[in-house]
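What follows is each chain in one-letter form.
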Amino acid sequence: MTLEKSDLLQMYRMMLLIRSFEEQCIRFYKNGEIRGSLHPCIGQEGTAVGACYALRRDDYLTCTYRGHGQALAKGLDPSEAMAELLGRRTGCSKGKGGSMHFTDPEVGLLGENAIVGAGAPIAVGAALSAQLDQTDRVAITFFGDGAINQGVFSEALNLAAVWDAPVIFFCENNLYSEMTPIAEMVNVEQLADRAAGFGIAAVTVDGYDPLAVYEVTLAAVDRARSGGGPTFIEAITYRLVGHMIGDTEPYRTQEEVAEWKARDPIVTFPQRLIDEFGIPQTEIEAAQAE
């Protein structure tokens, strides 16, 4: 699908919405209005928006406790999402799930999951249901780099490969498994190489480029819909805040964070829309004001 200018603006609006949503979450959390833990996805909006823009409303999605961005990008109503965080009965999970358990079957969201790696087998099961029902729905599961060392994740990869399941494994490699550099936990340069052992097609993409993310995800979706089986996508990205609110981040330098912040898609994408696609500055400003 060729993206029109209206699509590009909508992608930018969604990234702005996710960023604004997360910043408001942090304010509520610090005021004591949101309880429990909070894991913002600030900096990772490009992966959520780029990937989810390649999906249909009825496609399945599972994600992690850092899944607010994917849930919103898939179509979860922001008011229902915020109400859930505030423990209100008008929330998407009736105020009982909180930050780590957004769920909305109406938009294919089968749930965030607080257990690392647990969304993968659920997505494979959803993909199997699409096969058995003979529909062309696909499933996508988002997970962090730390999830690839979970046993259940390997089991999910193997079943997806054996069944040619229409599922996309989307790894948001933000370089840190909580507070530990992923490079100290695996012996491969690219996490996508893990997929080769299961006979699964894999690709690595710049997660700070939402259009590149969209293109590789769309190719994976088309492949899955046509019976070509699963795909593993590794998106190199970065969270610009700590693992959770309260993380003092002693495991990384301020210089490293500053380097990634300079590439922040929220900052760089609008200028790209102007320079590469000729979208007027006034339309960019209108999206920001909205």
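Look up: the structure comes first, before these words.
Residues numbered from 1 in each chain as written. Predicted model: local features only at pLDDT ≥ 70, side-chain atom pairs only at ≥ 80, totals over all residues. Heavy atoms only, no water.

A full pass over the atoms with the stated rule returns ten aromatic pairs. Note on Tyr12 and Phe269: the rings are 6.5 Å apart at their centroids and 50° apart in plane angle, and the pair reads as tilted. Pair noted here: Tyr12 is in helix H1 (residues 5-30) and Phe269 is in helix H9 (residues 265-277), with a separation of 257 residues, a long-range link. On the basis of relative accessible area, Tyr12 is assigned to the buried category, the value being 1%. Seen from their ring centres, Phe153 and Phe232 are 6.4 Å apart, and the 75° between their planes marks the pair as edge-to-face. Of the two residues, Phe153 is situated in helix H6 (residues 151-163) and Phe232 in strand S8 (residues 231-236); the sequence distance between them amounts to 79 residues. (Phe/Tyr/Trp six-rings, centres within 6.5 Å; stacked < 30°, edge-to-face > 60°. Helix = DSSP H or I, 4+ residues; strand = E, 2+ residues; numbered from the N terminus. Buried < 20%, exposed > 50% of the residue type's maximum accessible area, 1.4 Å probe, protein only.)

Turning our attention to the layout of surface pockets. Reported here for the largest pocket is a volume of approximately 370 Å³. As for the largest pocket, its lining consists of 29 residues, and the residues nearest its centre are Tyr65, Val116, Gly144, Asp145 and Gly146. Broken down by element, the lining of the largest pocket gets its largest block of residues, four residues, from strand S3 (residues 139-144). The class makeup of the residues in the lining of the largest pocket is eleven nonpolar, 13 polar and five charged. Gln10, Arg13, Met14, Leu16, Leu17, Ser20, Ala287, Gln288 and Glu290 are the residues that line the second largest pocket. Among the elements of the structure, H1 and helix H10 (281-289) are those that each provide at least two residues to the lining of the second largest pocket. (1 Å grid on protein atoms, 1.4 Å probe; cavity = no way out; pocket = protein on both sides within 12 Å on 5 of 7 lines; lining within 4 Å. Points joined across faces, edges and corners; volume = space filled by probe spheres on them. Nonpolar A, V, L, I, M, F, W, Y, C, P; charged D, E, K, R; others polar.)

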